[in-house]
Amino acid sequence: MSLETKKWADEVAEQVISWRRYLHQHPELSFEEEKTSQYIYETLESFGNLELSRPTKTSVVARLIGSQAGKVLGIRADIDALPIHEENDVPYASGKAGVMHACGHDGHTAMLLGAAKILSQYKDQIKGEVRFFFQHAEELPPGGAAEIVRAGAADGLDSIIGIHLASYMPVGKFGVLYGALTSSTDRFDIKIQGKGGHSSQPEASVDPIVIGAQVITGLQQIVSRNVSALDKVVISVTMLNAGTAYNIIPDSMTLTGSTRCFDAEIRKNIPMWIERIVKGITEAHGASYELTFSHGYTSVVNDKQVTKLMEDTIRERWGEEEIIYIDPLMPGEDFSEYLKKAPGCFIQLGAGNPDKGFTYPHHHPRFDFDEDAMVRGVELFVRAAQKVVME
């Protein structure tokens, strides 16, 4: 099969683009991917040799079970879109106002469909199983991966791989990293309860806005004074809500934000550090507080052996010059949930191309990517599967 892999990938390239553009035109938000998952199910059904299931309402898992015993390899793609109104003027632009694929999930899905189509033709040569995960709700914690894992669909995996299209990398380049790739993504909500009053008599009130401003400044000292400068940590306040009129000091103020890091011990300490600051400042001013800390995704940590397999596969097919050894990424990814069941590797695949105008970042209303990257993604999936379950 190794001699035919490139031929197969080239032959499905046009269809992969067609699938991607259909999905781009018909985006659905996290946990709402009913038509998307049905489209994926029907497409997979047309390939034959696949056992299909719906572990959740809006996800699809396809199993290609070989004729001989062997390893079980998982390959994952995410299928959900974002609440962003598309500003691209292209024939395949989103047909749904306020919703678009602005993170490449349509491309991930199309690549995995392409790999499933190719591999499904080789059922008799499979030693073990390839399990294709078309996962819902990556963009919205607690995320779809956790639901799929709880449903038992990831049981029995020996390893799992995934690819993320990256507009910040040149088209066709592969981003490889051993160890922690993405940060954890947690959320905090703080309510500061003061005492409202007239803006002309602040001495008669306990101003939650002034207190909140000090809390915001204090939170920044966690990164600069509680954490080593060698560790990557971000604490951002992203939402504020207070007040109803220009001449009224409100009773309360709410702050919401996110924390990101790679170290498990730092992640465990951040809620304590936040509460210590909030408690001290509010008590100093005669106010009270409520703090809620919600854990999101854990870090994606690439396994050494699986990453080596992917790195070797890339090098053998495309050469060392196509590999970029990247730094850790601060955005989160719920691919980490599968890594609680089996070792894995998450690869970045360059899809940016300034010559074609593909320069906008992920989650931008003008985001798009060079579709030429997808054939490489398909071929990498197939070649990796070949190493695990066919040799």
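What you are looking at is a predicted structure, and each value in this text was computed from that prediction instead of being measured.

Q: Which residues make up the environment of Leu181, and what values go with them?
A: Secondary-structure assignment places Leu181 in the loop between strand E7 (179–180) and strand E8 (184–193). With 165 residues separating them along the chain, Leu181 and Phe346 place their C-alpha atoms 8.0 Å apart.

Q: Can you tell me about the domain arrangement of the protein, naming the residues and giving the values?
A: Domain parsing of the protein yields domain 1 (5–183 + 299–390) and domain 2 (184–294). Domain 1 puts 10 residues into the contact, and the matching count from domain 2 is seven residues. Where domain 1 touches domain 2, the interface holds two residue pairs in polar contact (both at pLDDT 80 or more). When the residues that make up the side of domain 1 that touches domain 2 are grouped by side-chain class, the tally is six nonpolar, four polar and no charged.

Q: For the sheet that holds strand E12 (residues 252–261), give the residues involved together with the corresponding values.
A: Read across the sheet, four strands follow the order E10-E12-E8-E13 without closing on themselves; strand pairing throughout is antiparallel. One side of each edge strand has no neighbouring strand; the edge strands of this open sheet are strand E10 (233–242) and strand E13 (288–297). Across the sheet, the axes of successive neighbouring strands diverge by a mean angle of 15°, strand direction being ignored. Relative to E10, helix H5 (residues 208–226) is tilted by about 170°, and along the sheet it contacts E8, E10 and E12. Relative to the sheet, helix H6 (residues 264–284) contacts E8, E10, E12 and E13, its axis offset from that of E13 by approximately 165°.

Q: So what about unusual backbone geometry? Which residues, and what values?
A: Of note, the bond from Pro141 into Pro142 is cis; its omega dihedral lies within 30 degrees of zero at 10°. As for its position among the elements, Pro142 is in the loop between strand E4 (127–135) and helix H4 (144–150). The phi dihedral of Phe31 falls on the positive side, at around 70°, and the residue is not glycine. Relative to the helices and strands, Phe31 resides in the loop between helix H1 (5–25) and helix H2 (34–45). According to the relative accessible area criterion, Phe31 is partly exposed, its value standing at 31%. Positive phi is not limited to glycine here, since His363 has a value of about 70°. Its location among the elements puts His363 in the loop between strand E16 (344–352) and helix H8 (373–389). Judged by relative accessible area, which is 41%, His363 ranks as partly exposed.

Q: I'd love a proper account of the UniProt feature "binding site: Mn(2+)" (unreviewed entry) in the protein, names of residues and values included.
A: The sites that carry the UniProt feature "binding site: Mn(2+)" (unreviewed entry) are, in the present numbering, Cys103, His105, Glu139, His164 and His363. These annotated residues cover 261 residues of sequence, and their C-alpha atoms all fall within 13.7 Å of one another, placing them together at a single site. Looking at where His105 falls in the secondary structure, it is placed in helix H3 (residues 105–120). If we skip the residues at most four places from it in the chain, His105 touches Asp78, Ile79, Asp80, Glu138 and Glu139. Polar contacts involving the side chain of His105 include one to the side chain of Asp78, which spans 3.2 Å. When residues no more than four places from it in sequence are discounted, the contact partners of His363 are Leu82, Ile84, Ala102, Cys103 and Glu139.

Q: Hey, could you go over the sheet that holds strand E15 (residues 323–325) for me, with residue numbers and the actual values?
A: Read across the sheet, eight strands follow the order E1-E2-E4-E3-E5-E16-E6-E15 without closing on themselves; strand pairing throughout is mixed. Edge positions in the sheet fall to strand E1 (51–53) and E15, since each has one partner strand and no second. Looking at each pair of strands side by side, their axes are set apart by 25° on average, direction ignored. Where strand E5 (residues 159–170) lies against E16, eight bridges are found, and the strand directions are parallel. Considered in E16, the bridge of Ala166 is made with Gly350.

Reading the values: rules and limits
Residues numbered from 1 in each chain as written. Predicted model: local features only at pLDDT ≥ 70, side-chain atom pairs only at ≥ 80, totals over all residues. Heavy atoms only, no water. Helix = DSSP H or I, 4+ residues; strand = E, 2+ residues; numbered from the N terminus. Domains from an automatic or database assignment. Contact = heavy atoms within 4.5 Å. Polar contact = N/O pair within 3.5 Å; in protein donor to acceptor, adjacent residues only side chain to side chain. Nonpolar A, V, L, I, M, F, W, Y, C, P; charged D, E, K, R; others polar. Pairing = 2+ DSSP bridges. Axes fitted to C-alpha atoms, helices over the stretch in contact; angles between N-to-C directions. Buried < 20%, exposed > 50% of the residue type's maximum accessible area, 1.4 Å probe, protein only. UniProt positions renumbered as here; feature names shortened; annotations may be inferred.

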